[in-house]
Amino acid sequence: SKEPTITPTMNPTKPPTTTPSITPTAKPSIAPTEIPSMNPTISITETTFYVMGGDYAHYKSNDELQNNLGQLPSNNQEWLIHLGASRRQAGNDCSINMYQDFTNLVSKSSSVPVYAIPG
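To start, this report covers the structure provided alongside it. (Residues numbered from 1 in each chain as written. Predicted model: local features only at pLDDT ≥ 70, side-chain atom pairs only at ≥ 80, totals over all residues. Heavy atoms only, no water.)

1. What about the packing of helix H1 (residues 62–70) against helix H2 (residues 96–109)?
Point 1. Where H1 meets H2, the closest approach of the two axes is 8 Å, and the angle between their N-to-C directions is 45°. The orientation of H1 relative to H2 falls into the category oblique. Where H1 approaches H2, its residues Asn-62, Leu-65, Gln-66, Leu-69 and Gly-70 are matched on the opposing element by Phe-102, Leu-105, Val-106 and Ser-109.
Point 2. Tallied by class, residues from the contact of H1 with H2 come to 5 nonpolar, 4 polar and no charged. (Axes fitted to C-alpha atoms, helices over the stretch in contact; angles between N-to-C directions. Helix = DSSP H or I, 4+ residues; strand = E, 2+ residues; numbered from the N terminus. Parallel < 35°, antiparallel > 145°, perpendicular 65-115°, else oblique. Contact = heavy atoms within 4.5 Å. Nonpolar A, V, L, I, M, F, W, Y, C, P; charged D, E, K, R; others polar.)

2. Focus on H2
Point 1. Between the first and last C-alpha of H2 there are 20 Å, a value that for 14 residues agrees with the 20 Å anticipated at 1.5 Å per step.
Point 2. Of the positions making up H2, those classed as buried are Met-98, Tyr-99, Phe-102, Thr-103, Leu-105, Val-106 and Ser-109. What you see down the axis of H2 is that its buried residues fit within an arc of 160°, all on one side. The outward face of H2, more than 90 degrees from its buried face, is lined by the exposed residues Ile-96, Asp-101 and Lys-108.
Point 3. Buried residues along H2 sit in contact with strand S1 (49–52), H1, strand S2 (79–82) and strand S3 (114–116). (Expected span 1.5 Å × (residues − 1). Buried < 20%, exposed > 50% of the residue type's maximum accessible area, 1.4 Å probe, protein only. Arc of directions from axis to C-beta.)

3. Observations regarding a nonpolar patch on the surface
Point 1. On the surface, a cluster of nonpolar side chains totalling about 380 Å² of accessible area is made up of Phe-49, Val-51, Leu-83 and Ile-117.
Point 2. By the secondary structure assignment, Leu-83 is in the loop between S2 and H2. (Patch = residues over 30% accessible without salt bridge, like charges linked within 9 Å, V, L, I, M, F, W, Y side chains within 5 Å. Areas by Shrake-Rupley, 256 points an atom, 1.4 Å probe, with all protein chains shown as cover. Salt bridge = Lys/Arg side-chain N within 4 Å of Asp/Glu carboxyl O.)

Remember that the coordinates give geometry; whether it matters functionally is a separate question.
Below, the structure is given as C-alpha cells:
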C-alpha cells in the first residue's frame, strides 16, 4: 500500500479541465466484443395492493371486517395499506390502545400483509 509522502511529489497530476482533451485516451486493455455477454430480457411484473381507511365502526361487526379482509386475493405481491382514522371516539383522535387493537385485528384477519398508518 502506498503511504503519503512528507514532501510533495515533483510530478503532480494535472487538474481536471472543463473541456475535453484533443488526444484520445490510451488503448483499452481488453478488445470490445462483437456479441453482448448477456442477452437482454424483458420482465413485466404486476403489483397489486389494497388501500382502505376510516373507522371500522361502519362494519356491522368485527366478523364482517375479518371476513372481508380474509378474502383478499394474495400471491405474495400484494399488501394492504390502511390510511389512518382507524377509530375515533366522539371526535377525539384514537388512543394508542385503540390503534393497536385495530391494527392487530386487521393484521390477523388479512390474507395479505398490512401497513397501517397511525391516526
